[in-house]
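# Structural features, examined
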Amino acid sequence: MASRPKHHFFTRNAFNRNPGPLQRLLSLALAGTLLFTSAVAQTPAAQQPQTTKGDQGLYRLRVETELVLVNVVARDKQGKPVTDLKQEDFTLLEDGKSQRISSFDFENLDTAPLAAPNAPLQQTTNGPATPAKPILTAKDADQALSNKRVIVLFFDLSSMGPDEMERSVQAARKYVQTRMTSADLIAIVTLASSLRLDQDFTGDQARLLRVLNRFSHSEGQGMDNGSTGDADGIEETGNAYTPDETEYNQFNTDRKLQALQSLCQVLGKFNQKKSIIYFSSGMTQTGIENQAALRSAVNTAIKANVAIYTMDSRGLEAEPPGGSASTASLRGTAMYSGSAVQSRLDANFASQETLTTLSGDTGGKAFLDTNDLGQIFDRVQRDTSVYYVLGYKSSSALRDGKYRHIQVKVNRAGLNLEFRKGYYAPKDFQHFNAEDKEQQMEDELASELPNTDVAVYMAASYFRMDDRRFYVPVALVVPGSQIPFTKGGDKDKASLDIVGEVLDELKRPVGSVRETVKLSLDASQEVRRKNVQYSTGFLLAAGKYHFKFVVRENQSGRLGSFETDFTVPDIKKAPLKMSSVVLASQRQPATRKTQNPLVRDGNELVPNIAHVFTQDQHLYFFYEVYDPAKDKSPEPAPEAKDAKEKAPPVKNPIHLLTSIVFFNGKVKAFETPLIEARQLNATERKAAVFQFDVPLAQLKPGLYTCQVNVIDDAGGNFTFPRLPILVREKINASPVASSAGSTN
């Protein structure tokens, strides 16, 4: 197959970065086309590029399971664990309906503490590390965790201040030194500006203490929630106005919940029961805006068999009417009416409510208003020493996302059972609300694995706008067969949601697009033979970029994604400066003013990204040449050759020669007439624009290589880019698709 030029590509996405265990946590043939165009996304100039690692082309393997796991702790009247229960002793109900227990397991872990480390071990801070022992690998992770108490110490530095951080680390250090058992495998994770793995799972006390001793008072970066715009009862800081930071608060809470969700997703690869001890200074929701993220975090934890134990590191706090000694005086009359105290109590309760929900819904426990932070370790040990694991497949086939209540009974009197009280059912697209739909697109955009439920194809090109910027047109194509249409009157209707982003070499966003495309086709048309093409564009500097687009059809909620690297070349030093060569078979009226060079004389050229054409079509070539050499001995204008008087000289004369040759194998099948350009026709961009119209009826069906000949005769430079095309036999004409859809 002929090689594709660098400036034009057509590749099906298959990128896949397989995440490992916890240590890797941080880590078409076109018969007809429907066209939708977006205005250019104005973007800042890209910064100095930096080399990035390549991606491996692998495929996503999706596995779904409906098995619900319930961990049950049984105790007698004296509080001692009961160890002799059988599967037939349990009865499990979901929303009052009996469920068949399909799996049963019993875990009995060691509770005897290890020998306390020697004094030098306690004082170790930055000594040489012991040789790393790979506890977990992709091959033997399950075996390494078998019959182990799996605990993750999660320090939320974004919410805890220095004092809270010191108390939390001290409690963790004390547990490792005096209460850690041979059955414990502990990992340490922190959340600050990013989610960071400080220590993978290990049972080595020395390694854990070394990591904990490295945490200093300055690690605490906790910041209170921003104000909501009400100036009464807040600290007097001298600011002229009180900003409303509600959106920041929403983002901050979502970020913490998403970090918990990411951690649970990785832990879900291991079959054992896991415990996350989450140290924070509270987590406040803002109305219902954070409900989608909270539900996702709880659902992920339940599916991964993770219990979250939350600890409010602030401890037991006093709320004096005028605020603590560390705060400024309060504004307004709230301090005298009691509303300031009430407001602080309400805020404290709100920050603890989410912690209670996270722990209660996942089978853990929240520890609030206590100065003894070591209680949380005692509870985790007690809950994970002797317990039963019951698994069942729900008898309800509904995927409505509603909360399902779980009840476990035992046929032996006098026993107390501890278990999580329920879970959220899976939710299909028909039951998604606006928050769920937005979250689905954001998750897919951030995912390192591609989604191929909807086929998506993409092509991009570049055209110089000035000495620093290039316009990069991007075209996305979705086959019409991928889109289910619904009947609406005399038309078939559907819609697509499109989200995309452009990242520079430093992984910083330099462009984005978000749009809903509404489709409406006459019912008599052959929808499945059409394709939907969406066009947008970006202003970028020369450099290397990463493009990713996500498309969702809004009938079933299926997703498709496409991502690839794209280079905008620095053509300043090129002997002959030239744009991409764009091939097209359609033109459409331009409906808006745009900087897109493909729009000329009121018509927009629609790129054909597959390079597949039929004999009844016209093949349009479009390309530009920049800063050609000045012709020092220009010929007179053609109309003045026979005239007695000399014609006025051409301003800034040039001499460019260009033609296009079609090769079928090694045989020249067709060549266009030679075109000469004597002056620039896009003077504002110092460009000579060329557009060829080639009727394909004169070519036989087959595969061709098109060679574009460009010669700068005045400068003595030339280039001959090549592009493959496929010409097919003429097909019966079908009516052109109409559309009532529009872009924002």
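Parameters and conventions
Residues numbered from 1 in each chain as written. Predicted model: local features only at pLDDT ≥ 70, side-chain atom pairs only at ≥ 80, totals over all residues. Heavy atoms only, no water. Helix = DSSP H or I, 4+ residues; strand = E, 2+ residues; numbered from the N terminus. Areas by Shrake-Rupley, 256 points an atom, 1.4 Å probe, with all protein chains shown as cover. 1 Å grid on protein atoms, 1.4 Å probe; cavity = no way out; pocket = protein on both sides within 12 Å on 5 of 7 lines; lining within 4 Å. Points joined across faces, edges and corners; volume = space filled by probe spheres on them. Nonpolar A, V, L, I, M, F, W, Y, C, P; charged D, E, K, R; others polar. Pairing = 2+ DSSP bridges. Axes fitted to C-alpha atoms, helices over the stretch in contact; angles between N-to-C directions. Contact = heavy atoms within 4.5 Å. Core = buried A, V, L, I, M, F, W, Y, C linked by side-chain atoms within 4.5 Å. Buried < 20%, exposed > 50% of the residue type's maximum accessible area, 1.4 Å probe, protein only. Parallel < 35°, antiparallel > 145°, perpendicular 65-115°, else oblique. Left-handed = near helix turned anticlockwise from the far one by under 90°. Phe/Tyr/Trp six-rings, centres within 6.5 Å; stacked < 30°, edge-to-face > 60°. Lys NZ or Arg CZ within 6 Å of the ring centre and 35° of its normal. Polar contact = N/O pair within 3.5 Å; in protein donor to acceptor, adjacent residues only side chain to side chain. Expected span 1.5 Å × (residues − 1). Salt bridge = Lys/Arg side-chain N within 4 Å of Asp/Glu carboxyl O. Patch = residues over 30% accessible without salt bridge, like charges linked within 9 Å, V, L, I, M, F, W, Y side chains within 5 Å. pLDDT = per-residue confidence, 0-100.

## Some words on the overall build of the chain
On a plain count of helices and strands, the chain comes out with ten helices and 37 strands. Working note: accessible area of the chain is about 36,400 Å², and carbon and sulfur atoms make up 49% of it.

## Observations concerning empty space enclosed by the protein
Its volume calculated, the largest cavity comes out at about 90 Å³. Along its surface, the largest cavity is lined by 13 residues, and Pro473, Val474, Ala475, Leu598 and Pro607 are the ones closest to its centre. Those elements that place two or more of their residues in the lining of the largest cavity are β16 (457–460), β18 (470–479), β22 (531–540) and β28 (603–607). The dominant element in the lining of the largest cavity, judged by the number of residues it contributes, is β18, at three residues. Along the lines of polarity and charge, the residues of the lining of the largest cavity split into seven nonpolar, five polar and one charged.

## Overview of the sheet that holds strand β14 (residues 416–418)
Reading across from one edge, β5-β12-β2-β14 is the order of the four strands in this open sheet, with antiparallel pairing throughout. Strands at the two margins of the open sheet, each flanked by one partner only, are β5 (101–108) and β14. Direction aside, the axes of adjacent strands within the sheet are offset by 25° on average. Along the sheet, helix α9 (residues 375–385) makes contact with β2 (67–75), β5, β12 (386–393) and β14, crossing β12 at roughly 65°.

## Regarding the nonpolar core
Core analysis: the largest hydrophobic core is formed by 51 residues, its most contacted members being Val70, Val72, Phe154, Ile276 and Val408. Residues in contact with Val408, not counting those within four places in the same chain, are Val70, Val72, Phe90, Thr91, Leu92, Leu390, Leu417 and Phe419. The next biggest cluster of nonpolar side chains, apart from the first, holds 44 residues, and it includes Met458, Tyr462, Val478 and Ile498.

## Quick look at the pairing of strand β32 (residues 667–671)
Where strand β31 (residues 656–664) meets β32, four bridges bridge the pair, whose relative direction is antiparallel. Counterpart to Phe663 in the pairing with β32 is Lys668. Remark: two residues form the turn of the hairpin made by β31 and β32, two consecutive strands paired antiparallel; Gly665 in that turn has positive phi of roughly 75°.

## As for the packing of helix α3 (residues 162–178) against helix α4 (residues 205–214)
Following both chains from N to C, one finds α3 and α4 inclined at 165°, their axes separated by 10 Å at the closest point. In this view, α3 runs roughly antiparallel relative to α4, as classed from their interaxial angle. In this structure, α3 meets α4 at a crossing whose hand is left-handed. Contacts between α3 and α4 involve Val169, Ala172, Arg173, Val176 and Gln177 from the former and Gln205, Leu208, Leu209, Leu212 and Asn213 from the latter. Here the contact of α3 with α4 is composed, by residue class, of six nonpolar, three polar and one charged.

## Some points on unusual backbone geometry
The phi torsion at Asp601 lies on the positive side, around 55°, for a residue other than glycine. With respect to the secondary-structure elements, Asp601 resides in the loop between β27 (599–600) and β28. Even without being glycine, Asp627 reaches a positive phi, approximately 50°. Among the residues examined, Asp627 registers a relative accessible area of 33% and is labelled partly exposed.

## Points about the packing of aromatic side chains
Within this structure, the stated rule accounts for 21 aromatic pairs. Note on Phe155 and Phe279: the rings are 5.0 Å apart at their centroids and 10° apart in plane angle, and the pair reads as stacked. In this pair, Phe155 is assigned in strand β6 (residues 149–156) and Phe279 in strand β9 (residues 274–280), connecting sequence segments 124 residues apart. Phe155 sits in the buried class, given a relative accessible area of 0%. Grouping aromatic residues by their ring pairs yields a cluster made of Phe155, Tyr175, Phe215, Phe279 and Phe377. Here the guanidinium or amino end of Lys421 rests over the ring plane of Phe419, the centre of that ring lying 4.0 Å away.

## Re the side chain of Asp312
Along the polypeptide, Asp312 turns up in strand β10 (residues 306–312). Among the polar contacts listed, one links the side chain of Asp312 to the side chain of Arg314, at a separation of 2.8 Å. In this structure Asp312 touches Ser280, Ser281, Gly282, Gln352, Leu355, Phe367 and Leu368, once residues within four positions along its chain are discounted.

## Points about the sheet that holds strand β4 (residues 97–99)
In space, the four strands of this open sheet follow the order β4-β3-β13-β15, with antiparallel pairing throughout. Every other strand in the sheet has two partners, leaving β4 and β15 (422–424) as the edge strands with one partner each. With strand direction ignored, the average angle separating the axes of adjacent strands in the sheet is 30°. Here five bridges tie strand β3 (residues 90–94) to strand β13 (residues 403–410), and the two strands are oriented antiparallel to one another. Across the sheet, residue Glu94 finds its bridge partner in β13, namely Ile406.

## As for the pairing of β31
Burial within β31 is extensive, with eight of its nine residues counted as buried. Note that β31 and strand β35 (residues 702–712) share eight bridges and pair antiparallel. Each bridged residue has a counterpart across the sheet, and for Leu657 the counterpart in β35 is Ile711.

## Regarding α3
Here α3 spans 24 Å end to end across 17 residues, near enough to the 24 Å set by a 1.5 Å rise per residue. Among the residues of α3, those classed as buried are Glu164, Met165, Ser168, Val169, Ala171, Ala172, Arg173, Tyr175, Val176 and Gln177.

## Focus on the environment of Asp156
With respect to the secondary-structure elements, Asp156 resides in strand β6. Residue classification places Asp156 among the buried residues on the basis of a relative accessible area of 0%. Expressed as a C-alpha distance, the spacing of Asp156 and Gly282, which sit 126 residues apart in the sequence, is 9.7 Å. Sequence-distant contacts of Asp156, defined by excluding residues within four places in its chain, comprise Leu191, Lys256, Tyr278, Phe279 and Ser280. Of note is the side chain of Asp156, whose polar atom sits 2.4 Å from the side chain of Ser158.

## Description of the pattern of salt bridges
As enumerated under the stated definition, the model contains 22 salt bridges in all. For the salt bridge of Asp466 with Arg469, the shortest nitrogen-to-oxygen distance reads 3.1 Å. Judged by relative accessible area, which is 28%, Asp466 ranks as partly exposed. Note that Glu553 and Arg558 form a salt bridge whose closest N and O atoms lie 3.3 Å from each other. On the basis of relative accessibility, which here comes to 27%, the residue Arg558 falls in the partly exposed class.

## Topic: a nonpolar patch on the surface
Taken together, the side chains of Ile711, Phe718 and Phe720 define a hydrophobic patch exposed on the protein surface, amounting to about 290 Å² of accessible area. Residue position: Ile711 is located in strand β35.

## So, the confidence of the model for the chain
Of all residues in the chain, 73% have pLDDT values of 70 or greater, and the mean over the chain is 79. Within the model, the stretch residues 24–32 combines pLDDT values under 50 with 29 contacts to residues more than four positions away or in other chains. In the model, residues 39–57 has pLDDT below 50 throughout and makes 41 contacts with residues more than four positions away in sequence or in other chains.

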